[in-house]
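# Results of the structural survey
Single-letter residue listing:
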Amino acid sequence: VYLYDTQQYQKGADFSDKFVDKLRSFNRRTLDPIGAKAYFYYSLFHEQLDPKPPSRQSPVIEIRPKLLQAQRSAVIRKDADTEAAVTVLLLRSYIFTADITQADLLIAQTQFPSTASNNQVCRYLYYLGRVRAIQLAYTQAQEHLVSATRKSPTSGPAIGFYQQATKLLIVVELLMGDIPERSLFRQPQLESALYPYLKLVQAVRVGDLEAFLKCVETHSAQFRKDGTFTLIQRLRQNVIKTGVRMLSLSYSRISLRDICTRLHISSEESAEYITAKAIRDGVIEASLDHQNGHMLTTPPKDAYGTTEPSEAFHARISALLGMRDECVMAMRYPMHKHKQEIAEAVKAREREREIAKEIIEGEGDVDEGDEGGFEGM
């Protein structure tokens, strides 16, 4: 910790390397928490060495064999602390160097320990959500990120992790076509950190392509630092679809030239292609008049006549049941507690029998002593 705070990264890397090798020579359960911390700083020091990730010559890539070996040893020794820490560090390393395929293989071939600490579970869910978001599995990514933000502390030293997970969650929800609630940006611990994302959400919500491009250009440095710039670039089509949807709700018939003007699209052919794709994807209920160059909006249907309310109700029930299952799994009970209670009950019954036997024998001795006394008198 001292070497990291004083930015002596090379000395820290050398020391942690020797320290990890020394810990591997022991097989004691009392050293498991220390081993988990040692591997954490071992990876952290190597991340700060030049060349830094995502360079392919980064020292982060060189330490992966040792981390994989530590992960296998932890599974064999049933060392849950080290197994959870090393799994999270491997995912972090793969994401830093954009090795998403290897990260996906690690997730598929390993099982995260159920007895891991809450901090490690939060980190694992966050990296899992980031991997799924890059793989276009936005629904799974949103579920993992929501769980990470709910489990994460919202104050103290962990506020940075909470902010980072919330930023990624906002981008994933925008990619899914959802708009985050306004109250999320009003939280005191998130207000300043989420200001660029507030402007992004406002541009996406109204479908203003010009405002969206301006926001991305203005805050591109912050988005790159947060690691969300690549995902935000995917939002351009969503912004255009939202703009087309807003126009379809406002006009029963609108020309393709007006769509180009309002959405800042270069040509009518591009506007026609985008509108046709939005109709095919079910974003809007409309039809295209190719000869006259118009988009005709179909009158909206009654939402209660569709399956949308039942699907929303089912999603809420599933979320509550999932929360309930997580709470039950989080309850920890001592191992073999029932056997200990049975053994204590047996011992208690044996003590009661011994006490009763002593009382009976004592009463017999008293009776014999009384008879002798009366005869003597």
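Residues numbered from 1 in each chain as written. Predicted model: local features only at pLDDT ≥ 70, side-chain atom pairs only at ≥ 80, totals over all residues. Heavy atoms only, no water.

## Observations concerning the overall build of the protein
Scanning the protein for helices and strands turns up 19 helices and three strands. Taken against the 2.2 N^0.38 rule, which gives 21 Å for 377 residues, the C-alpha radius of gyration of the protein at 32 Å runs more than 25% over that of a compact globule. Taken over the C-alpha atoms alone, the protein extends approximately 135 × 60 × 40 Å along its principal axes. The burial tally for the protein puts 36% of its 377 residues in the buried class. Taking the contacts inside the protein whose residues are at least 6 apart along the sequence as the reference set, 60% of them involve residues at least 24 apart. When the accessible surface of the protein is split by element, carbon and sulfur atoms take 53% of a total near 23,500 Å². Of the charged side chains in the protein, 48 are positive and 48 negative; the average position of the first set lies 11 Å away from that of the second. (Helix = DSSP H or I, 4+ residues; strand = E, 2+ residues; numbered from the N terminus. Rg over C-alpha atoms; globule rule 2.2 N^0.38 Å. Buried < 20%, exposed > 50% of the residue type's maximum accessible area, 1.4 Å probe, protein only. Contact = heavy atoms within 4.5 Å. Areas by Shrake-Rupley, 256 points an atom, 1.4 Å probe, with all protein chains shown as cover. Lys, Arg positive; Asp, Glu negative; His and termini not counted. Charge placed at Lys NZ, Arg CZ, Asp CG, Glu CD.)

## Thoughts on the side chain of Gln 120
Locating Gln 120 in the fold gives a position in helix α8 (residues 118–134). Not counting chain neighbours up to four residues away, the residues in contact with Gln 120 comprise Ala 84, Ala 85, Val 88 and Phe 112.

## A few points about the pairing of strand β3 (residues 294–297)
Sheet topology note: the strand β1 (residues 253–255)/β3 ladder contains three bridges and is antiparallel. Bridge assignment links Ser 255 to a residue of β3, and that residue is His 294. Taken together, the four bridges between strand β2 (residues 286–289) and β3 define a ladder with antiparallel strand orientation. Considered in β3, the bridge of Leu 288 is made with Met 295. The antiparallel hairpin formed by β2 and β3 contains four residues in its connecting segment, where Gly 293 sits at a positive phi of about 70°. (Pairing = 2+ DSSP bridges.)

## Description of the sheet that holds β2
As summarised here, the arrangement of the three strands in space is β1-β3-β2, forming an open sheet in which the pairing is antiparallel. Only two strands of the sheet have a single partner each, and these edge strands are β1 and β2. Neighbour-to-neighbour, the strand axes of this sheet turn through a mean angle of 20°, independent of strand direction. (Axes fitted to C-alpha atoms, helices over the stretch in contact; angles between N-to-C directions.)

## Notes on the packing of aromatic side chains
Counted by the stated rule, this structure contains seven aromatic pairs. Ring plane angle 15° and centroid distance 6.0 Å describe the contact between Phe 15 and Phe 19, whose orientation is recorded as stacked. With Phe 15 and Phe 19 both in helix α2 (residues 9–24) and four residues apart, this pair spans about one turn of that helix. Residue classification places Phe 15 among the exposed residues on the basis of a relative accessible area of 55%. Centre to centre, the rings of Tyr 197 and Phe 223 are 5.2 Å apart; their planes meet at 65°, and the pair counts as edge-to-face. Of this pair, Tyr 197 sits in helix α11 (residues 195–206) while Phe 223 sits in helix α13 (residues 220–226), and the two are 26 residues apart along the sequence. Phe 223 gets classed as buried once you look at its relative accessible area, which sits at 0%. (Phe/Tyr/Trp six-rings, centres within 6.5 Å; stacked < 30°, edge-to-face > 60°.)

## A few points about the side chain of Ser 152
Of note, Ser 152 is situated in the loop between α9 (138–151) and α10 (159–175). What makes Ser 152 buried here is its relative accessible area of 5%. When neighbours within four sequence positions are excluded, Ser 152 is seen to be in contact with Cys 122, Ala 158, Phe 161 and Tyr 162.

## With respect to helix α6 (residues 80–96)
With 17 residues, α6 extends 24 Å between its outermost C-alpha atoms, agreeing within 8% with the 24 Å of an ideal straight helix rising 1.5 Å per residue. In terms of burial, α6 is a largely internal element, 14 of the 17 residues being buried. Two residues or fewer after α6 comes Ala 98, characterised by a positive phi angle close to 60°. (Expected span 1.5 Å × (residues − 1).)

## Topic: the confidence of the model for the protein
Here the protein averages 80 in pLDDT, while 93% of its residues score no lower than 70. Per-element confidence in the protein is highest for α8, whose mean pLDDT is 89, and lowest for helix α19 (residues 337–376), whose mean pLDDT is 68. The low-confidence segment residues 371–377, where pLDDT is below 50, has zero contacts with residues more than four positions distant or belonging to other chains. (pLDDT = per-residue confidence, 0-100.)

## Looking at the packing of helix α5 (residues 64–77) against α6
Between α5 and α6, the shortest axis-to-axis distance is 9 Å and the interhelical angle comes to 150°. One element, α5, and the other, α6, form an angle in the roughly antiparallel class. The element α5 and its partner α6 pack so that their crossing is left-handed. Contacts between α5 and α6 pair Arg 64, Leu 67, Leu 68, Ala 70, Gln 71, Ala 74 and Val 75 from the former with Thr 82, Glu 83, Val 86, Thr 87, Leu 90, Ser 93 and Tyr 94 from the latter. (Parallel < 35°, antiparallel > 145°, perpendicular 65-115°, else oblique. Left-handed = near helix turned anticlockwise from the far one by under 90°.)

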